[in-house]
Amino acid sequence: MATDRYNAAEAEARWQKIWDERGIFATKNEDVRNKYYVLEMFPYPSGRIHMGHVRNYTMGDVVARVKRAMGFDVLHPMGWDAFGMPAENAAIERKVHPKTWTYDNIAAMKKQLKSMGLSLDWSREIATCDPAYYKHQQKMFLDFRRDGLVERENRKVNWDPVDQTVLANEQVIDGRGWRSGALVEQREMSQWVFKITKYSQELLDALDTLDRWPEKVRLMQKNWIGRSEGLLVRFALDQKTTPNGESELEVFTTRPDTLFGAKFMALAPDHPLAAAAAAKNPALAKFIEECRHRGTAQAEIDTAEKLGFDTGMKAVHPFDASWQIPVYVANFILMDYGTGAIFGCPAHDQRDLDFVNKYGLGNVPVVCPPDVDPKTFVITDTAYDGDGRMINSRFLDGMTIAQAKEEVARRLEQESRGNRPVAQRQVNYRLRDWGISRQRYWGCPIPIIHCGSCGVVPVPENDLPVTLPDDVTFDRPGNPLDHHPTWKNVKCPQCGGPARRETDTMDTFVDSSWYFERFTDPWIRTAPTDVPMVNAWMPVDQYIGGIEHAILHLLYSRFFTRAMKATGHVGLDEPFAGLFTQGMVVHETYGNKKGEWFTPADVKIRLKPNGKREARYRGKIAKIGAIEKMSKSKKNTIDPDEIIATYGADVARWFMLSDSPPERDVEWTERGVQGAWRFAQRLWRLVGEAGEIAQSAPAGRPATFTPAALALRKASHRALAEVTADIEKLHFNVCVAHIYEFANTLNAVIGDMGSDEGVQNGEIATPDFRWAMREAVNVLVQLFAPMMPHLAEECWASLGQATLVAQAPWPKLEPDLLIETTITLPVQINGKKRADVTVPRDAKPAEIEAAVLALDAVKKALDGKPPKKVIVVPGRIVNVVV
């Protein structure tokens, strides 16, 4: 090689230019080879990539490069999830148009991603804010509406009274709007919704077919869909206590076995019966109003303090007409689950227990754990929700929970009130229809026109896309589309009269629910997809992204693909055959007692004489904090540009893959990055040395191989087999370990060539050995090429290869070289390991014993005496008793 030092800055830019000029990563749709579609979740164009991006996209790139080398027609595209509130925030804060801010960020991030050397097909690049993209989204909205998958309905939403917009649950923090800080209100508003609940059971059942998804993700989706089987029970009400003589209250319960433990009934604040009672009770009305000043997220409701208001109403126990149960309005009951009313059995539900403990209602345990005396079993602060036998439950006593559920259902179904059974079996789902209306500008316009005469009218397909106006202002709260003087005013397509455009835009989750299908043919203008083409490429074979998207994005995408199938745009149900969720990138935090945070680049770490680490910021001692996810707020971020400029993209890629199992968090350390850099330099030198040895190797494969050449070939093919297998499993860090091991082996072999033993042996100078060395160094370069592609290209060229390593076929494995003809066994003398013995794999016990007794360590221990016993455990160990 021309130099002993690899110049990453010069080489990486050069090879990226070559890849780009030759277009080697562009995928042709007319290719007839077997397809492989690998995709990382596309980024929001925030303006900067972060180390999480580096890790995510490197993993996908490794898979894409290996599959391409294996002969697959690989689709590996990139795009931008480009709509959203941050662009509007930037417009307000920076006085720049959201479109300008977004496209400037896209340009900056694209340049950064290209510097990573990713094998992406940039010819398919899409941005969801491009009318050429969202035109088709609007078309599908109309198709979904035609097929009953889109409806407009009143529903409860989080309303920010300052920003005057609906907030997603995730945008409500401690009851306040994430941007304005205003107390959020719950409002009933007319919203466009996707009818995802029509697929509740199908989405649930299909999870069992996704065997290449992480089990934890499937479980999270199952819990989110939340199928529950139970009883719909009609409790009679004491009409003397109800506001307008109401006679009954319907409750859905999954635990009818606990009816004899009931201590209260609870209504959602917006239950009709609660509203009727509040109309005659100002104190209750005030309580209900206070309940509205919180988010609608289940997680927030579950963790909030359980509060209630005793309405004075009484319900009658279904098995005892003399048993009256107080009816409360409670802040932890949701109207959109079940019937918006529950009966509370505090002994066996923690929420209910917290509630009764606050209001002094007491509890009665009705399920006794196994091996516990029912007479002494009590509940105080922790509810019991395990298995057991029924107690304190009259005719249910002694039954199992399952038996009790069945008996309660049977009895209540037999009873009737008003010619209807008191109870009926029912299946409920936690999943709710997907509200997509957002009161903001920077989103996909909803293609609907509101006419005073014709009502809701779809925009004619020929008029799509409905594009956003550029001349908007952000000088006052609320939706800029509402404030625009002309955009919303149109003629009705049906009657020609004055009408108004829908000014709500779509939730950005819609944009990301089908982009992977658009990637299969982003050039088609007449339809969202080319159906034969999307069916040929889909599903995505390997989808990679963060666990934070395990529920909403993935669930919405699964629904959207089904809706596209129902409307003729795809021919499949599930969009992602394989899913991998990578861990986060974390780093130490540094700060001071004032709560100020310091960036790692500004902190100096030294090791004190006592072995402890000390951090200093501008000469003053700083506090070393916890290792946390990189975040701007804690300033524990590392700029990928700086790392690439200092060490090169390959080093960043290698470190991200090597330091931790990919599903776990990886801690970014300067020491680890420097180690990766040193290994890259070592590989450069190693390939140079091996290449010199292989220069005079014969072109043709030798007919036979000496033992030294055969040993080298076995090491090469063993490394090839191990890396190939672990790439398939996405065990990238294990692949890195295999490459380290193979490099060490190759380095040791080269070192032996200069030793006296190696010279005397003579085998390592033979043509067959040099041929084996050429094979070995070629395999080495191809194994690390998916991880460090620029270094690999430089090494490949130095070896005199006429092609790019990015276009070279994956090395062909020779399985026979993986078969070991010998076996090495540990040898113990009186129970302590003293030596190893290598014998033929099929050696008989007597042959093994003879080989062991010939070992120097054994001869020394025997001191000329015969052994008392030699114990051979075939294939495992030999023990000599002296």
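Residues numbered from 1 in each chain as written. Predicted model: local features only at pLDDT ≥ 70, side-chain atom pairs only at ≥ 80, totals over all residues. Heavy atoms only, no water.

Trainee: Describe in detail the overall build of the chain, supporting the description with residues and values.
Mentor: A count of helices and strands for the chain gives 27 helices and 39 strands. Taken over the C-alpha atoms alone, the chain extends approximately 110 × 80 × 65 Å along its principal axes. Considering the chain as a whole, with its 882 residues, one finds that 54% of them fall into the buried category. Put simply, 72% of the contacts in the chain that link residues at least 6 apart link residues at least 24 apart. Counting only carbon and sulfur atoms, one obtains 51% of the accessible surface of the chain, whose full area is about 39400 Å². Between the averaged position of the 111 positive side-chain charges in the chain and that of its 115 negative side-chain charges there is a distance of 3 Å. (Helix = DSSP H or I, 4+ residues; strand = E, 2+ residues; numbered from the N terminus. Buried < 20%, exposed > 50% of the residue type's maximum accessible area, 1.4 Å probe, protein only. Contact = heavy atoms within 4.5 Å. Areas by Shrake-Rupley, 256 points an atom, 1.4 Å probe, with all protein chains shown as cover. Lys, Arg positive; Asp, Glu negative; His and termini not counted. Charge placed at Lys NZ, Arg CZ, Asp CG, Glu CD.)

Trainee: Residue-level account of unusual backbone geometry, with values.
Mentor: The step from L464 to P465 runs through a cis peptide bond, and the omega angle for that step is 0°. For P465, the position within the fold is in the loop between β24 (455-458) and α13 (480-483). Cis geometry marks the peptide bond from M538 to P539; its omega dihedral reads 0°. In this structure, P539 sits in the loop between α16 (531-537) and β28 (542-546). You will see that D371, though not glycine, has its phi angle at about 65°, which is positive. Relative to the elements of secondary structure, D371 occurs in the loop between β16 (367-368) and β17 (389-390). When its relative accessible area of 84% is taken as the criterion, D371 is described as exposed. Of note in the backbone geometry, N392 takes a positive phi value of approximately 50° without being a glycine. On the secondary structure map, N392 appears in the loop between β17 and α12 (401-414). Taking the relative accessible area as the measure of exposure, N392 reaches 45% and is therefore partly exposed.

Trainee: Account for helix α2 (residues 51-69), with residues named and values stated.
Mentor: Taking 1.5 Å as the rise per residue, α2 with 19 residues should run 27 Å; its terminal C-alpha atoms sit 27 Å apart, in good agreement. Immediately downstream of α2, the backbone of G71 shows phi near 100°, a positive value. (Expected span 1.5 Å × (residues − 1).)

Trainee: Provide a residue-level description of the sheet that holds strand β36 (residues 822-829), including the pertinent values.
Mentor: Strand order in this open sheet of four strands is β37-β36-β39-β38, and the pairing throughout is mixed. Edge positions in the sheet fall to β37 (832-840) and β38 (869-873), since each has one partner strand and no second. Averaged over all pairs of adjacent strands, the angle between their axes in this sheet comes to 20°, without regard to strand direction. Relative to strand β39 (residues 877-881), β36 runs parallel, the two sharing three bridges. Bridging from a neighbouring strand, I829 pairs with V880 of β39. (Pairing = 2+ DSSP bridges. Axes fitted to C-alpha atoms, helices over the stretch in contact; angles between N-to-C directions.)

Any functional reading would require information that these geometric values do not contain.
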